[in-house]
Amino acid sequence: ETGVTQTPRHLVMGMTNKKSLKCEQHLGHNAMYWYKQSAKKPLELMFVYSLEERVENNSVPSRFSPECPNSSHLFLHLHTLQPEDSALYLCASSQQLGREQYFGPGTRLTVT
Amino acid sequence: LAKTTQPISMDSYEGQEVNITCSHNNIATNDYITWYQQFPSQGPRFIIQGYKTKVTNEVASLFIPADRKSSTLSLPRVSLSDTAVYYCLPPYSSASKIIFGSGTRLSIRP
């Protein structure tokens, strides 16, 4: 257990659905991250939040919409996804930007 | 964006010492270097972090030369359970903007 939880662990959705991924960290950290990991590919940084402010949006399509209501919670809202968006979505947190990251177990997303 | 460079794969045997080197030419002055371990379908797990010279913990050692353009993760006496992908990464900073590379897939044999 890393102190970072993600729900759901598995999600299957159609291209017209709207769903949200949730991440919660119990470590008192101030920075949170969303990553995408496709099969046999490196981790891709999507979004970075520091003290609830977005500091990085790494050219992510608008069908992915992050939300950070407080320093412990991070959401990724999904709508009109494509099959190529199927991947493992990982959330991470760190004490502050520049410190080591602690990852959650990920959400395995399948878009049909 | 800059990218770290590591060997794609390495093989070793139980009980051996394994050294994995990573190059990170564009690391920012204030960045620490962090290594992670990832098993299939799991999130990466923090192993060790350092800034320069040598750092050791109960799991591994990290060697960083004076120019800090590379680092070497050393795993003493590996076991089958050390089979995983290992990533090096400077922690995210707006100065570095370094992305995860492909990592090194380490396979340990009996």
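In what follows, the structure referred to is the one given above.
The paragraphs below set out a description of the structure included in this document.

The rules we used
Residues numbered from 1 in each chain as written. Chains lettered and ligands numbered in written order. Predicted model: local features only at pLDDT ≥ 70, side-chain atom pairs only at ≥ 80, totals over all residues. Heavy atoms only, no water. Helix = DSSP H or I, 4+ residues; strand = E, 2+ residues; numbered from the N terminus. Rg over C-alpha atoms; globule rule 2.2 N^0.38 Å. Buried < 20%, exposed > 50% of the residue type's maximum accessible area, 1.4 Å probe, protein only. Contact = heavy atoms within 4.5 Å. Areas by Shrake-Rupley, 256 points an atom, 1.4 Å probe, with all protein chains shown as cover. Pairing = 2+ DSSP bridges. Axes fitted to C-alpha atoms, helices over the stretch in contact; angles between N-to-C directions. Salt bridge = Lys/Arg side-chain N within 4 Å of Asp/Glu carboxyl O.

With that settled, the discussion passes to the overall build of chain A. Within chain A, the secondary structure is distributed over zero helices and 11 strands. Written out in order from the N terminus, the α and β elements of chain A read β-β-β-β-β-β-β-β-β-β-β. Taking 112 residues into account, the globule formula puts the C-alpha radius of gyration at 13 Å, and chain A, at 13 Å, falls close to it. Structurally, chain A occupies a C-alpha span of about 35 × 25 × 25 Å along its principal axes. Taking all 112 residues of chain A together, the buried fraction comes to 48%. Pairs at least 24 apart in sequence give 54% of the contacts found in chain A among residues at least 6 apart. Per element, the accessible surface of chain A, about 5,300 Å² overall, is 48% carbon and sulfur.

Residues and elements named next belong to chain B. Sheet architecture is open: five strands sit in the order β2-β11-β9-β4-β5, paired in mixed fashion. Since the sheet does not close on itself, it has two edges, and those belong to β2 (9–13) and β5 (45–50), each with one partner. With strand direction ignored, the average angle separating the axes of adjacent strands in the sheet is 25 degrees. As paired elements, strand β4 (residues 33–38) and strand β9 (residues 84–89) share five bridges and run antiparallel to each other. Bridging across to β9, W35 finds its partner in C88.

Turning to the pattern of salt bridges, a few remarks are in order. On inspection of all chains with the given rule, the structure shows three salt bridges over all chains. Among the salt bridges present, the one from A:R99 reaches A:E100, with a minimum N-O distance of 3.6 Å. Between B:R109 and B:D11 there is a salt bridge, with its nearest N and O atoms 3.5 Å apart. Highlighted residues: B:R109 in strand β11 (residues 104–109) and B:D11 in strand β2, separated in sequence by 98 residues. The class of B:R109 is partly exposed, set by a relative accessible area of 41%.

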